[in-house]
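Structure at a glance
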Amino acid sequence: MTEYQSIGKPIPRSDSREKVTGSALYVDDLRFPRMLYLKVLRAGVPHARIKSVDITKAELMEGVYKVISKDTEGLDKNLLFGTCIFDQPPLAVDKVRHAGEVVAAVIADSEKNALRAVKNIQVEFEELPHVLDPYEAIAAEAPLIHERNGQYKHLPTFVPVPDSNVFYKYHLKKGNDTEVFREADVIVEDEFEYPLMNHATIEPHGAVAYWDHAGDLHLWSSSQAPFVVREVLSDMFNLPMTKIHVNIPYLGGGFGGKSDYTIEPLLTLCARYVPGYHVKFRLTRKEVFIGTVLGRGLKGKMKIGAKKDGTLVGIEAQLYFSDGAYADTSCNVVLAAGHNCVGPYFFPNCNLQSFGIYTNTPPVGAMRGYGHPEGQFMIERLLEQLALKLGIDSHTLRRKNFLRPGDTNSLGQTISEHNGDVVECFNKMIEALTKNLLPNEDDQFFYGRGVAALVKSPVQASNAASCVFLKVNEDLTVNISIGGVEMGQGCLTVLAQIAAETLKIPVKDVRINYEINSQLTPYEWQSVASMTTMRVGNAILAACEKAVTQFKKNAALVFDCDISELSYDGKTVSRGSENIPLKDLVKGYQYEDGHAVGDPILSVGSSVVRDVTLPDLDTGQYQPYEWTFGAQGCDIRIDKTTGKIKVIHFVTALDVGKVINPDTARGQITGGVMMGIGAALKEKILFNKKGIMQTDNLRKYRIPTMTDMPEKFTCILVENPQPDGPYGARPIAEHPIIGAPPAILNAFQNATGISLLKLPISSERVLTALKQRS
Amino acid sequence: MELTITVNNREYTLEVDPKESLLFILRERLGLTGTKNGCSQGHCGACTIVLNGKAVKACLKKAKKINRANILTIEGISPEFPNKELHPIQEAFIQATAVQCGFCTSGLIMELFALLRENPSITEQGIKEALEGHLCRCTGYQPIFDASLLAQKMMRSKNSG
């Protein structure tokens with residue numbers, strides 16, 4: 001086995017000193033000269049035509065610099081943006097499609113004055129019927145949310161259904177898709193719900209925009225996707241990218257909620273009216289809920305069939321996503337869920353349909369897991385029912401049907417050894433889980449054990465790229481500029497480890513430049529899909545290898561030999577017993593008489609996703625990226641009197657390929673599992689009958705707290721290397737959220753005999769279910 | 001109103017609106033941005049500071065209630081770092097990898113600062129209950145809990161040594 005100096009070591013996070021001292025700067029901490037503040041008026045009704053917006057009173061109020069509404073001079077009423085479907089205006093002009101949509105904005109010298117002016121804007125609406133539920137939204141009598149659905153510019157993959165609320169329908173067919181159950185002896189089916197959720201990053205979204213008098217746009221934003229933001233702004237304002245400066249400071253969490261863009265189009269549009277001023281827009285917590293993006297929101301049906309011996313033969317599913325007022329990135333979530341809902345199992349026959357549906361809620365976008373938690377919640381719950389019906393142990397049923405090398409997945413891709421090993425993950429998870437004895441039911445508690453397996457592919461642009469610039473300083477320390485965003489996941493540390501290993505130098509000598517400025521930083525598609533370690537890591541690997549070659553080239557000039565004769569050890573370049581210290585090569589080599597040869601060490605690296613294709617419009621088949629497998633299981637305790645569920649032990653085994661940093665990997669797992677526990681037991685966005693969100697703060701929308709933490713976490717990092725990953729690593733960050741809800745609900749069923757299919761199972765729902773049972 | 005407060009051992013006299021929050025005063029008037037604004041509603045704990053020895057949420061404290069108060073923020077617990085050592089709680093957070101995005105970190109450290117000073121031998125359950133008011137979306141809390149125990153241990157050995 002290779003002995004590494006940095007890879008696999010629990011190196012402390014490079015950003016932790018800044019963060020524990022409070023000196024790390026986030027967007028709201030930035031201060032600028034001539035600062036103004038933006039506050040907005042939101043619709044307050046979920047679906048309406050705008051008849052008039054009266055800003056005359058607001059414009060005259062103290063401290064107000066500019067009020068922007070649909071009638072503002074110079075506002076392009078036809079301006080629409082989007083990532084998959086161009087259906088979203090930065091500011092409502094004719095209609096509002098959700099209650100948090102912005103109707104007018106005020107720029108003033110303080111937030112207080114801006115807010116006072118906002119309260120004095122009068123809007124007249126003609127209210128329209130609204131729809132929140134995806135089933136209701138596809139009914140014939142449903143109100144049409146986008147009259148122009150089908151006419152918007154869109155990417156070729158995402159074909160809308162005109163005159164309906166369906167903006168995307170994905171249909172995947174594999175094998176005998178018309179008679180998927182022909183060989184089935186047993187069929188089970190159920191209907192499931194995964195509610196709308198909020199990312200609840202502790203840092204609310206914020207941004208500062210500044211148009212200078214040269215016409216350049218400067219933006220500081222809490223975005224995971226600086227280069228997507230730049231592209232959107234370049235299109236919106238018809239500005240060359242050399243005039244757009246997108247800066248990203250530290251991010252206080254992302255989880256998809258700060259991708260791809262949220263508040264940036266509106267803010268930059270408004271700030272353009274006050275050139276020379278820095279305009280800050282920071283959302284209140286309520287605005288994060290009602291005015292950015294939500295996640296999930298699935299209702300669906302699934303049906304699976306098997307032979308008597310448990311061999312799976314076919315699967316049918318219909319997934320309906322309530323995706324909110326605008327398509328945002330949900331097109332890709334719909335796609336991912338459509339083909340991933342089969343889980344890590346082999347089904348010869350598939351007929352899978354997934355629908356993206358406009359509803360009158362905030363738009364639904366990316367959220368940790370991106371289409372995988374939704375469908376795999378369904379399959380993992382349904383396998384449990386199949387096992388019961390067949391009279392087979394559910395672990396045996398899973399083991400019998402796991403995707404193994406040589407099997408084809410739902411997309412027809414053949415799985416190979418290098419995809420990792422779901423069987424090994426499952427076995428190791430079971431081994432860890434069964435080390436503890438599950439107590440027997442007593443007067444106060446039920447006890448249950450449940451498991452789930454998982455698979456995930458990064459959903460990304462088929463040409464997603466990462467680029468880096470590397471320079472070796474005169475003292476042999478190294479700076480590497482990346483476009484990947486540090487939002488808490490620990491990429492700065494892990495990427496420094498990859499660089500240090502490749503350059504054979506200590507990790508402390510590498511600085512990954514976290515400060516992103518789109519003028520200086522090389523291109524990065526965006527920091528999503530758990531791909532930063534892998535894709536940026538590969539780019540860094542390439543840049544470091546080039547730097548090593550450059551050191552050797554300089555030395556080759558001195559030794560007057562071919563570089564193949566030279567070796568590099570991180571301190572010197574040597575030829576046989578002779579060597580030259582790197583310090584004498586870093587700026588080129590200088591002879592005693594002063595004359596110099598060679599070049600300073602400066603390199604670039606890039607990594608581009610290869611062989612990813614787009615879905616075929618007829619069969620839905622395509623070639624996504626690589627896969628990561630895992631398995632999760634838990635023991636839970638259910639309080640008979642309160643209905644409260646406590647997770648006693650939660651085990652996760654993930655085939656991570658190669659651990660770069662065990663501590664940060666573990667942190668991704670404990671964090672992901674906890675978010676999954678939130679989805680299982682607590683979190684759900686609720687609206688009242690008028691279409692107004694009720695869960696609009698962190699008291700009403702409850703994310704897990706420290707007392708919800710499992711009594712014990714076990715994290716198992718399985719290492720079957722990914723051949724094209726840096727040192728064999730593969731993506732893992734989103735994955736731990738996927739299996740947690742089904743494992744917990746399976747445990748609940750095993751404990752009580754009650755099959756619950758809708759998330760979350762709050763203590764109230766548990767009590768009701770227990771009452772109904774008795 | 002005129003407000004006099006001591007923040008991190010320095011006295012300030014300011015002209016403020018009585019309804020202004022301590023969080024606004026710290027961040028916007030004094031430039032102490034280490035205290036974070038996560039919700040301004042008292043729900044997330046990110047703005048926790050130590051006021052007259054007690055951990056409180058700065059967003060809920062109005063100016064009119066804090067005249068003559070003695071306040072400690074994250075900037076005040078190891079003000080001479082890196083010339084001198086970090087506070088053991090900060091050191092423990094680094095060692096236990098309890099920091100991810102960092103937005104909840106200041107609040108948690110200040111809560112523990114007050115807690116461990118008041119009750120150095122607080123139980124594990126006591127720590128969990130004290131930190132329940134602090135939301136963290138990144139870590140799953142386990143590393144924070146581990147850091148808390150480590151900090152407690154480090155502070156005890158420091159005091160006994």
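Analysis parameters
- Residues numbered from 1 in each chain as written.
- Chains lettered and ligands numbered in written order.
- Predicted model: local features only at pLDDT ≥ 70, side-chain atom pairs only at ≥ 80, totals over all residues.
- Helix = DSSP H or I, 4+ residues; strand = E, 2+ residues; numbered from the N terminus.
- Rg over C-alpha atoms; globule rule 2.2 N^0.38 Å.
- Buried ≥ 20, exposed ≤ 12 C-beta atoms within 10 Å, placed from the backbone.
- Contact = placed C-beta atoms within 7 Å.
- Axes fitted to C-alpha atoms, helices over the stretch in contact; angles between N-to-C directions.
- Parallel < 35°, antiparallel > 145°, perpendicular 65-115°, else oblique.
- Left-handed = near helix turned anticlockwise from the far one by under 90°.
- Nonpolar A, V, L, I, M, F, W, Y, C, P; charged D, E, K, R; others polar.
- Domains from an automatic or database assignment.
- Expected span 1.5 Å × (residues − 1).
- Pairing = 2+ DSSP bridges.

It is worth spelling out the overall build of chain B at this point. Scanning chain B from terminus to terminus reveals five helices and five strands. When the helices and strands of chain B are placed in sequence order, the string is β-β-α-β-β-β-α-α-α-α. Its C-alpha atoms give chain B a radius of gyration of 16 Å, within 12% of the compact-globule value 15 Å for 161 residues. Taking the principal axes of the C-alpha coordinates as reference, chain B spans close to 45 × 35 × 25 Å. Taken across its 161 residues, chain B has 55% of its residues classed as buried. Of the contacts made within chain B by residues no fewer than 6 positions apart, 60% connect residues no fewer than 24 positions apart.

Looking only at helices and strands, chain A features 16 helices and 29 strands. A globule of 774 residues ought to have a C-alpha radius of gyration of about 28 Å, and chain A, at 27 Å, matches this closely. On the principal axes, the C-alpha backbone points of chain A span a range of 95 × 75 × 50 Å. Put simply, chain A has 774 residues, and 58% of those count as buried. Long-range contacts, defined as pairs at least 24 residues apart, comprise 80% of the intrachain contacts of chain A with a sequence gap of at least 6.

Residues and elements named next belong to chain A. Put simply, helix α9 (residues 372-390) and helix α10 (residues 394-401) touch, their axes get as near as 9 Å, and they point 110° apart. When the axis of α9 is compared with that of α10, the two are roughly perpendicular. Like other packed secondary-structure pairs, α9 and α10 cross with a definite hand, here right-handed. Contacts between α9 and α10 involve Leu 383, Glu 384, Leu 386, Ala 387 and Leu 390 from the former and Ser 394, Leu 397 and Arg 398 from the latter. By residue class, the composition of the contact of α9 with α10 is five nonpolar, one polar and two charged.

A few words on the interface of chain A and chain B. Across the contact, 45 residues belong to chain A and 42 residues belong to chain B. Looking at the side of chain A that touches chain B, the elements with two or more residues in it are α1 (16-20) and α14 (662-681) of chain A. Ranked by residues supplied to the side of chain A that touches chain B, first place goes to α14 of chain A with seven residues. Taken together, the residues of the side of chain A that touches chain B sort by class into 18 nonpolar, 17 polar and ten charged.

Residues and elements named next belong to chain A. The domain architecture assigned to chain A consists of domain 1 (16-23 + 464-608), domain 2 (32-128 + 205-282) and domain 3 (295-460 + 613-773). One C-alpha centre belongs to domain 2, the other to domain 3, and the line joining them spans 37 Å. Taken together, the 18 residues of domain 2 in the interface contact 20 residues of domain 3. Split into classes, the residues belonging to the side of domain 2 that touches domain 3 amount to five nonpolar, nine polar and four charged.

This next bit is on the packing of helix α8 (residues 330-340) of chain A against α9 of chain A. All names here are of chain A. Two elements in contact, α8 and α9, have axes separated by 8 Å at closest approach and are oriented at 25°. Considering their axes alone, α8 and α9 lie roughly parallel with respect to each other. Regarding α8 and α9, the two cross each other, and that crossing is right-handed. Only His 372, Glu 374, Gly 375 and Gln 376 of α9 make contact with α8, whose side of the interface consists of Ala 336, Ala 337 and Asn 340.

With 19 residues, helix α5 (residues 142-160) of chain B extends 27 Å from end C-alpha to end C-alpha; this agrees with the ideal 27 Å at 1.5 Å per step. The complete set of buried residues in α5 of chain B reads Gln 142, Pro 143, Ile 144, Ala 147, Ser 148, Ala 151 and Gln 152 of chain B.

All names here are of chain A. Spatially, eight strands are ordered β3-β5-β1-β12-β9-β10-β11-β20 in an open sheet, and the strand pairing comes out mixed. The sheet is open, and its two borders are formed by β3 (64-68) and β20 (516-517), each paired with just one other strand. As paired strands, β3 and strand β5 (residues 102-108) are joined by four bridges and run antiparallel to one another. When the sheet's bridge partners are listed, Val 64 is paired in β5 with Ala 108. Running at roughly 150° to strand β11 (residues 244-248), helix α5 (residues 226-237) makes contact with β10 (217-221), β11 and β20 of the sheet.

Here we take up the environment of Asn 37 of chain B. In this structure, Asn 37 of chain B sits in the loop between α1 (22-29) and β3 (48-51). For the pair formed by Asn 37 of chain B and Leu 116 of chain B, sequence separation is 79 residues and the distance between their alpha carbons is 24 Å. Those residues within four positions of Asn 37 of chain B in sequence are excluded, and the remaining contacts are Asp 28 of chain A together with Leu 23, Arg 27, Ala 46, Cys 47 and Cys 59 of chain B.

Turning next to the sheet that holds strand β5 (residues 70-72) of chain B. The strands making up a sheet are joined through hydrogen bonds of the backbone, oriented either antiparallel or parallel. Residue and element names in this part refer to chain B. Spatial ordering of the open sheet is given by β2-β1-β5-β3-β4, a layout of five strands whose pairing is mixed. The sheet is open, and its two edges are formed by β2 (10-15) and β4 (54-57), each paired on a single side. Adjacent strand axes in the sheet meet at a mean angle of 40°, parallel and antiparallel pairs treated alike. Across four bridges, the pairing between β3 and β4 is antiparallel. Residue pairing in the sheet places Ile 49 in a bridge with Val 56 of β4.

Moving on, we come to the environment of Trp 627 of chain A. All names here are of chain A. Looking at where Trp 627 falls in the secondary structure, it is placed in the loop between β26 (602-608) and β27 (628-639). Sequence separation of Trp 627 and Gly 338 is 289 residues, and the distance between their C-alpha atoms is 16 Å. Apart from the residues lying within four places of it in its own chain, the contact partners of Trp 627 are Asn 419, Gly 420, Val 455, Lys 456 and Ser 457.

This part covers the domain arrangement of chain B. Residues and elements named next belong to chain B. Domain assignment breaks chain B into domain 1 (2-76) and domain 2 (88-160). Each of domain 1 and domain 2 has a C-alpha centre, and these two points are 21 Å apart. Contacts between domain 1 and domain 2 engage 15 residues on the former and 13 residues on the latter. Per element, the largest residue contribution to the side of domain 1 that touches domain 2 is three residues, and it comes from β3. Partitioning the side of domain 1 that touches domain 2 into residue classes produces seven nonpolar, six polar and two charged.

The omega angle of the peptide bond from Ser 259 of chain A to Asp 260 of chain A is -20°, so this bond is cis rather than trans. Relative to the helices and strands, Asp 260 of chain A resides in the loop between β11 and α6 (264-271). Of note, the bond from Leu 759 of chain A into Pro 760 of chain A is cis; its omega dihedral lies within 30 degrees of zero at -10°. Of note, Pro 760 of chain A is situated in the loop between α15 (740-752) and α16 (763-773). Despite not being glycine, Leu 476 of chain A has its phi angle at roughly 75°, a positive value. Relative to the helices and strands, Leu 476 of chain A is located in the loop between β17 (465-472) and β18 (478-482). Within the chain, Arg 68 of chain B stands out as a residue other than glycine whose phi angle is a positive 70°. Mapped onto the elements of the fold, Arg 68 of chain B is located in the loop between β4 and β5. Residue Arg 68 of chain B is classed as exposed on the basis of its C-beta count, with 10 C-beta atoms lying within 10 Å.

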